[in-house]
Amino acid sequence: MDFTFTEEQQAAAEAAQGVFAGVEPDAVPSPSLVPGAVADDFDRVLWARLAEADLLSLLLDVRHGGAGLDAIALCLVLRESAKVLARVPLLESSAAAAAVQAYGGEELKAALLARAGRGETVLTVAANGRTGHDPAELAVTARQEGNEWILDGVQTAVPWAHIADFVLVPAHTTTDRTLLAVIPRVHEGVGLAEQISTTGERLGELRLESARIAARDVIDAEGAWEWLRELLATGTCALALGLGERVLAMTSEYTGKREQFGFPVATFQAVAVQAADRYIDLRAMEATLWQAAWRIASGASGALPASGDVAVAKIWASEGVRRVVQTAQHLHGGFGADVEYPLHRYHAWAKHLELQLGPAAAHEETLGDLLAAHPLG
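Residues numbered from 1 in each chain as written. Predicted model: local features only at pLDDT ≥ 70, side-chain atom pairs only at ≥ 80, totals over all residues. Heavy atoms only, no water.

This brings us to the pattern of salt bridges. Following the criterion strictly, the structure yields 27 salt bridges and no others. Residue Arg63 is joined to Glu106 by a salt bridge in which the shortest nitrogen-to-oxygen separation is 3.8 Å. Of the two residues, Arg63 sits in the loop between helix H2 (44-52) and helix H3 (71-83) while Glu106 sits in helix H5 (residues 106-117), which places them 43 residues apart along the sequence. Overall, the relative accessible area of 52% leaves Glu106 in the exposed class. Here Glu120 makes a salt bridge to Arg118, at a shortest N to O gap of 2.9 Å. You can call Arg118 partly exposed: its relative accessible area is 46%. Salt bridges here are not isolated pairs; linked through shared partners, they connect Arg79, Glu80, Lys83, Glu245, Arg283 and Glu286. (Salt bridge = Lys/Arg side-chain N within 4 Å of Asp/Glu carboxyl O. Helix = DSSP H or I, 4+ residues; strand = E, 2+ residues; numbered from the N terminus. Buried < 20%, exposed > 50% of the residue type's maximum accessible area, 1.4 Å probe, protein only.)

Encoded structure:
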């Protein structure tokens, strides 16, 4: 098995490292110090730099102004973004554009893709359902009247909902089909209520009350939502990996300098063993991430559908990133909770990523169902 990245994938990662160099995780107020959102908008300056580096159009075909790369390249870039807690809708907008490209009609592609690749149009996805625990596609109903679809329901914790131009919303029909509606943020029948993440970022509760969406703006293709959901989950695993790697590096640096009894605490066996355990977590997170990304990128068959690899990756990402930040807090002592030191932010982001698109337990249930339906051996 060859885990070597292609030259194009490596180039995307290197470009990301250049763009994210110098980004400060503490650029906005600490979520521990403000009662509401840490900021009203995402980092527009960084967004423009990502557009200039062609990192917003990685997954788009050349005819839409993109690089024609795959989910692995996107995950490499997301991994770098999480190391600096980049406040940009890179995952959501890229994944939404990729879904439109793969499953949308030509008119919808022409309206969205080139502008999204240039960063002029921002997309996001309502993927958390009504409560964050039920399937997102069951939270909204859709019925057709002529050349329009009428949508009703509520989607919670929609990232960047207050500033995105369009939200991709899964919805179910009376015939148990799942659609993806591309809904403008400002539209009749569409309402937004503010929610705040553990990261301090603004989320949106999206309320749809007889919202009429033209048929050309609705993706009615089998498997579209499942593919988008798997790409979002895999991207979340990449974010968790990058965050965990940065946190372990911070911990290594701190324990290498902090002395007790005249020796760096990193030389104490109990400290070294805990750090080694977290390193193992990160390597497991990495291996399962690339397996899932490869299945999505290649479409290769396996003993289980690709959703099984995605579930395994998300289980490791959720459990692993939680253990990494908890150990980091422990080994930093009280310094880890200092709001003038960024570790507490990484802890808050880790909790968000742990639960985003379902905690480990939810994906364990999914994996169990897949194993029951596809017996191995």
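Now for empty space enclosed by the protein. For the structure shown, the criterion picks out three cavities of 30 Å³ or more. For the largest cavity, the calculated volume is near 310 Å³. Together, 22 residues line the largest cavity, and Glu92, Trp160, Leu239, Trp349 and Gln356 are the ones closest to its centre. Within the residue set of the lining of the largest cavity, elements represented by two or more residues are H3, helix H4 (90-103), strand E7 (202-214), helix H6 (224-257) and helix H9 (343-355). Here the residues of the lining of the largest cavity sort into 14 nonpolar, five polar and three charged. Classifying every residue of the lining of the second largest cavity gives five nonpolar, one polar and five charged. (1 Å grid on protein atoms, 1.4 Å probe; cavity = no way out; pocket = protein on both sides within 12 Å on 5 of 7 lines; lining within 4 Å. Points joined across faces, edges and corners; volume = space filled by probe spheres on them. Nonpolar A, V, L, I, M, F, W, Y, C, P; charged D, E, K, R; others polar.)

Here the focus is the layout of surface pockets. Here the largest pocket is characterised by a volume of approximately 560 Å³. Arg229, Leu357, Ala362, His363 and Thr366 are, among the 24 residues lining the largest pocket, the residues nearest its centre. Elements that contribute at least two residues to the lining of the largest pocket include exactly H6, helix H8 (306-332) and helix H10 (360-373). Here the residues of the lining of the largest pocket are counted per class, giving ten nonpolar, seven polar and seven charged.

One pass over the structure, following the stated rule, counts four aromatic pairs. In this structure an aromatic cluster arises from ring pairing among Phe42, Trp47 and Trp160. Lying over the aromatic face of Tyr279, Arg283 brings its terminal NZ or CZ to 4.9 Å of the ring centre. (Phe/Tyr/Trp six-rings, centres within 6.5 Å; stacked < 30°, edge-to-face > 60°. Lys NZ or Arg CZ within 6 Å of the ring centre and 35° of its normal.)

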